[in-house]
Amino acid sequence: MATLLAYTSPAAGHAFPLVPGLLALRARGHDVHVRTAAGLVEPLRAAGLAAEAVDPAIEALAAGGERDGVRGELRHQLRRARLDAADLDRVTGELDPDAVIVDVAAWGATVAAEASGRPFALSNPYLSPLPAPGRPPFGPGLAPRGGPAGSVRDAVARALVRHAGSHAVLPTLNALRAARGLPPVRDVLAHLGRPQIVLQLSGGPLEPPRPSPPASLRLVGLQRWDPASSAAAPAWLDEPGDPWVLVTCSTDRQRDGALAAAAIEAFRDEPVRLLVTLGAAARDPDLPAAPNARVAAFLPHAPVLARAAAVVCHGGMGIVGKALGAGVALVVVPYGRDQPEVAARVEAAGLGARVRPDGLTPATLLAAYRRAQDRRPAVQKEAAAMATMDAAGAFADAAEELLSERG
């Protein structure tokens, strides 16, 4: 069979969504290799994948400070573009893969894959930024608005977003392309049209229908995987008592420690038990205490979600996908990167409620929780639909389309 290489950004949120599809490809007899963060190598190997670490210099740059907004995240990713381009060259020279899957945030590796002439796909764990009729532009987290006023607002916002994104990305991206003898691209969205296949790791109500999608786009569905998903649930999760609410912060550094503090205050007198997992916010100052709250730096989410009444989170696609798959309503407080867009689509789809960070208080968080509980039947309906889908198989089917490209 074929040899496939999956090259990811050094982050769990970019590597873990690839695992179900890559395991499906391996089950079909393909030789599958992964390059990712050093700390993720052992979990991927334990799952059955041939994994190695990316160049350590890439991880050193990726471990920078907080990034606010899509534009700041793009600039942060581009800092390591020349390194991941060279790293992909090295790995493809060693493996000579038949096809390459490159993470959307590995800008330099994407350019190197195109220049190599090998069949390649782009994997996108974010929501799709491609425009859709009646939808605001990707990024700011705007709610849909009809009528002439909405059309004008969206047109202005779309122009501003495209200008900001292109200004942040194009000089570096086109310099990389020129160095490889590739023509320039006119904007960020044009960059998404370069691979033969775009593996869009989302779908359902979070992805509005597009009447004329690009021929390369494959909506393969939310790909949910947790390296500790089979771990036994802590005994205290099954102790008799009030329902659990999971509050979880990002594994990437941002300002969402305030979310954990507000949640503890909001739910201290409510008939629930609170589990707060801090992620990168574990480095923040001490949190308030409450008799119904447990706090941990990390705990596998799967056992908690099976017992949870709601999830309060920052809006990362990983936890959002897991909550939807478990039929658990969402309260989303977005702090940066793609999170405002995720929060807006969750709310617009009737799958939860959002609170803007500048309006976050215990009272607004509790009110959002109650709105989200009212929407739980819609989330359970979505979970039932997701359970019938073979997202990993759809991923593998789309990836195998690449193999016919190499004679």
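Before reading on, note that the structure itself is shown above.
Residues numbered from 1 in each chain as written. Predicted model: local features only at pLDDT ≥ 70, side-chain atom pairs only at ≥ 80, totals over all residues. Heavy atoms only, no water.

1. Some words on the side chain of Arg153
Inference 1: Secondary-structure assignment places Arg153 in helix α8 (residues 147-179).
Inference 2: Of the residues examined, Arg153 reaches a relative accessible area of 18% and is grouped as buried.
Inference 3: Excluding residues that lie within four positions of it along the chain, Arg153 makes contacts with Pro136, Leu142, Ala143, Pro144 and Arg145. (Helix = DSSP H or I, 4+ residues; strand = E, 2+ residues; numbered from the N terminus. Buried < 20%, exposed > 50% of the residue type's maximum accessible area, 1.4 Å probe, protein only. Contact = heavy atoms within 4.5 Å.)

2. Details of helix α2 (residues 19-27)
Inference 1: Considered for burial, the residues of α2 that qualify are Val19, Pro20, Gly21, Leu22, Ala24 and Leu25.
Inference 2: Summarising the contacts, the buried residues of α2 are in contact with β1 (3-7), α1 (12-15), β2 (31-36), α3 (41-47), β4 (99-103) and α16 (391-400).
Inference 3: Downstream of α2 by a residue or two, Gly29 has a phi angle that is positive, lying close to 100°.

3. Let's talk about the sheet that holds strand β9 (residues 273-277)
Inference 1: With respect to topology, six strands assemble into an open sheet ordered β10-β9-β8-β11-β12-β13, the strand pairing being parallel. What marks the edges here is a single partner per strand, and that holds for β10 (293-296) and β13 (352-354). Along the sheet, successive strands turn relative to each other by an average axial angle of 15°, direction set aside.
Inference 2: Bridge analysis of strand β8 (residues 244-248) against strand β11 (residues 308-313) gives five bridges, and the strand direction is parallel. Bridging across to β11, Val247 finds its partner in Val312.
Inference 3: Contacts from helix α13 (residues 339-348) reach β12 (329-332) and β13, with the element oriented near 135° to β13. (Pairing = 2+ DSSP bridges. Axes fitted to C-alpha atoms, helices over the stretch in contact; angles between N-to-C directions.)

4. Examining a nonpolar patch on the surface
Inference 1: Together, Val152, Val156 and Leu160 make up a nonpolar patch on the protein surface, roughly 290 Å² of accessible area in all.
Inference 2: Structurally, Val152 can be placed in helix α8.
Inference 3: Given the relative accessible area of 53%, Val152 is considered exposed. (Patch = residues over 30% accessible without salt bridge, like charges linked within 9 Å, V, L, I, M, F, W, Y side chains within 5 Å. Areas by Shrake-Rupley, 256 points an atom, 1.4 Å probe, with all protein chains shown as cover. Salt bridge = Lys/Arg side-chain N within 4 Å of Asp/Glu carboxyl O.)

5. Section: the packing of helix α12 (residues 317-326) against helix α15 (residues 376-387)
Inference 1: Packing of α12 against α15 brings their axes to within 6 Å, and their N-to-C directions diverge by 95°. One way to sum up the angle between α12 and α15 is to call them roughly perpendicular. Taken together, the residues of α15 that come into contact with α12 (itself represented by Gly321, Leu324, Gly325 and Ala326) are Val379, Ala383 and Met386.
Inference 2: A class-by-class count of the residues in the contact of α12 with α15 yields five nonpolar, two polar and no charged. (Parallel < 35°, antiparallel > 145°, perpendicular 65-115°, else oblique. Nonpolar A, V, L, I, M, F, W, Y, C, P; charged D, E, K, R; others polar.)

6. Description of unusual backbone geometry
The bulk of non-glycine residues show a negative phi, and the bulk of peptide bonds are trans.
Inference 1: The backbone phi angle of Asp96 is positive, close to 50°, even though this residue is not glycine.
Inference 2: In this structure, Asp96 sits in the loop between α6 (81-95) and β4.
Inference 3: Positive phi is not limited to glycine here, since Arg337 has a value of about 55°.
Inference 4: Relative to the helices and strands, Arg337 resides in the loop between β12 and α13.
Inference 5: Since its relative accessible area comes to 8%, Arg337 is described here as buried.

7. Notes on the state of the cysteines
Inference 1: Under the defined criterion, the tally for this structure stands at zero disulfides.
Inference 2: A disulfide-free cysteine, Cys249 has its sulfur positioned 9.7 Å from the sulfur of Cys313, the nearest such atom. (Disulfide = S-S within 2.5 Å.)

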